[in-house]
Structure formats: C-alpha cells, structure tokens
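Inside the fold
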Amino acid sequence: MISFELFEKRLASLHERIAAACLSASRKPSDVTLLPVTKTHPAAAVEYAARAGLAAVGENRVQEAVHKRSECTAPVRWELIGHLQSNKAKVAATHFDRVQSVDSVKLLTLLDRAAGELGRTLPVLLQINAGHDPAKFGAEPEDAERLVQAALALPHLRLDGLMTIAPLSDDPAVAGRTFANLRAIRDDLAARCGTPLAELSMGMSGDLEAAIAAGSTCVRVGSALYGERE
Ligand SMILES: *Cc1c(COP(=O)(O)O)cnc(C)c1O
C-alpha cells in the first residue's frame, strides 16, 4: 500500500487533470465528482480517501466490499461499480449506498424489493454498453428506455443517471465516441422519459479527459490514485 503522502500527491495531480479538462470543455470542476476506486486495495485505501475529504468510494465486487466495509470506520458512502449477479442483489442493497451497474429489469426489480424490505430508497444508475463492447456488461442502448421506464415505476429506487465503461482499445478515439454516445443516449432518454438522468458516470484513469469533454459528472479512478492493481 502506498503512503498517505503519495496518495495526496496523486490526488492533487488528479484534481489538476480534472480542472484542465473542465477548462477545455468550459465546465465547472465542481460539476465533476471524483470517485476513488478502492477495489483490490486494503481498507486503508478507503481511510485515505476519507481523510482527504472524498465522500464516496467505488468497489466492483460485493463480497470484497462487504468485508472491507466491516473493517472500516471511515465515514464514506460505498458505490457498487462492478457487475452484479441477481443472487447478490439483496446483499448489495443492504451494504451499498448506490449501485451504478444495474443492467436489467430483473435486477431493478430485485433491488427495489430488497430496498423496500430494508425500508430505504436505493439510488441507482443504469449501466449502458454505449461502446457496443462484446466483452462488457451493461444493457444495450436499444433496451435503455425500457429500463428507465421500469426504474421510474419502482417505488424504492431513485434513478440518478447512466454509467458506462469504454471498450479497451489502442485508439483513444474509441473512448471519446463511447462517451459521446452515452451523452446522446442520456439527452434523448431525458427528453422522452421526462426525467433529468443528471448523473453521467464515465471516465477512468486513462480516459477521464475524453469523458469530461463529453459531459461526465463522475469519474471513477483507481490506478492513477492507488497505483497498478496486482
Ligand atoms: C476498476 C474500475 C475503474 C477504475 O479503473 P482505473 O483504470 O484503475 O482508474 C473504473 N470503473 C470501473 C467499473 C472499474 O471496474
């Protein structure tokens, strides 16, 4: 695990990258939230984020996050950004403050039921395969409207917006196209469904500039903060 001093240094350069990207896009840095991704790192990674004043962390596996959360006293919110299997929906609704990776009506229904039983409202994002990547999870863009309508009809979910992951590619233009596509999908759905879908979670360590240019409101950053994962 890196030292807190190194973490702070990397965080400062990341804030500079975000500010520069916002400047080129004529956007306000305060409109882009940095979500530190602590997957594969120990609970100390979460403590670092909290100590630096970050409000939430992202984890991509339910079991790992539940375990880590039990070891942490840091006052942060936990967000699920990785694929969720339906048999883990209830655990996810119990232990996460928001689920960014919802990609089916079945999951929406299970999360809503679990949130209802817990007497809470669960914020969610819909993960859309905006890059048509065969290797990625996420709903197909053609199914997005059906998912939005389903989410809006469920009483214990709060639909905040959309999330995507760009396909792995040597061509940086691929990420840019994916993010622009998610933005266009969002604008279209917001108009048709009469809901703002204000959160656009897109961009990671390697492609956050392209994501911010396309309107990202949440960049999910792991390796640029904590180093390469093993
Ligand atoms: C791991 C992960 C990230 C962070 O990726 P880095 O390249 O390490 O910044 C972002 N989003 C999701 C969904 C991830 O699984």
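Overview of the structure. (Residues numbered from 1 in each chain as written. Predicted model: local features only at pLDDT ≥ 70, side-chain atom pairs only at ≥ 80, totals over all residues. Heavy atoms only, no water.)

Positionally, Glu5 belongs in helix α1 (residues 4-24). Between the alpha carbons of Glu5 and Tyr48 there is a distance of 9.7 Å; along the sequence they are 43 residues apart. (Helix = DSSP H or I, 4+ residues; strand = E, 2+ residues; numbered from the N terminus.)

Residues apart from glycine generally show negative phi values, whereas peptide bonds are mostly found in trans. In this structure, Ser26 takes a positive phi of about 55 degrees despite not being glycine. With respect to the helices, strands and loops of the structure, Ser26 is situated in the loop between α1 and β1 (33-36). A relative accessible area of 69% places Ser26 in the exposed class. In this structure, His132 is a non-glycine residue whose phi angle is positive, near 45 degrees. According to the relative accessible area criterion, His132 is partly exposed, its value standing at 48%. (Buried < 20%, exposed > 50% of the residue type's maximum accessible area, 1.4 Å probe, protein only.)

A separate point is the pattern of salt bridges. Applying the stated criterion across every chain, the model contains 15 salt bridges. The salt bridge involving Lys68 is made with Glu64; its shortest N-O contact spans 3.0 Å. Taken as a pair, Lys68 and Glu64 lie in helix α3 (residues 62-70) at a separation of four residues, close to a single helical turn. Each member of the pair Lys68 and Glu64 is classed as buried. (Salt bridge = Lys/Arg side-chain N within 4 Å of Asp/Glu carboxyl O.)

We now examine the environment of Ala45. Secondary-structure assignment places Ala45 in helix α2 (residues 43-51). Residues Ala45 and Gln63 lie 18 residues apart in sequence; the distance between their C-alpha atoms is 17 Å. Leave out the neighbours within four places in its chain, and Ala45 touches Met1, Thr38 and Tyr226. (Contact = heavy atoms within 4.5 Å.)

A separate point is helix α6 (residues 144-153). Within α6 the residues assigned to the buried category are Ala144, Leu147, Val148, Ala150 and Ala151. Looking down the long axis of α6, one finds its buried residues gathered within 165 degrees of arc, a one-sided arrangement. α6 presents Arg146 and Ala153 as exposed residues on the side facing more than 90 degrees away from its buried surface. On the buried face of α6, the contacting elements are α5 (105-118), β5 (122-127), β6 (157-163) and α7 (172-193). (Arc of directions from axis to C-beta.)

A word on the site of the ligand. In the neighbourhood of the ligand, the contacting residues comprise Val37, Lys39, Asn60, Ile81, Ile165, Met204, Ser205, Arg220, Val221, Gly222, Ser223 and Arg229. In the model, an oxygen atom of the ligand is placed 2.5 Å from a nitrogen or oxygen of the Ser205 side chain. Between a nitrogen atom of the ligand and a side-chain N or O atom of Arg220, the distance comes to 2.9 Å. Compared with its free state, where it exposes 390 Å², the ligand has 90% of that area covered by protein. Spatially, the ligand is embedded in the largest pocket. A per-class count over the shell around the ligand returns five nonpolar, four polar and three charged. (Near = heavy atom within 4 Å. Polar contact = N/O pair within 3.5 Å; in protein donor to acceptor, adjacent residues only side chain to side chain. Areas by Shrake-Rupley, 256 points an atom, 1.4 Å probe, with all protein chains shown as cover. 1 Å grid on protein atoms, 1.4 Å probe; cavity = no way out; pocket = protein on both sides within 12 Å on 5 of 7 lines; lining within 4 Å. Sits in = over half its atoms within 2 Å of the grid points. Nonpolar A, V, L, I, M, F, W, Y, C, P; charged D, E, K, R; others polar.)

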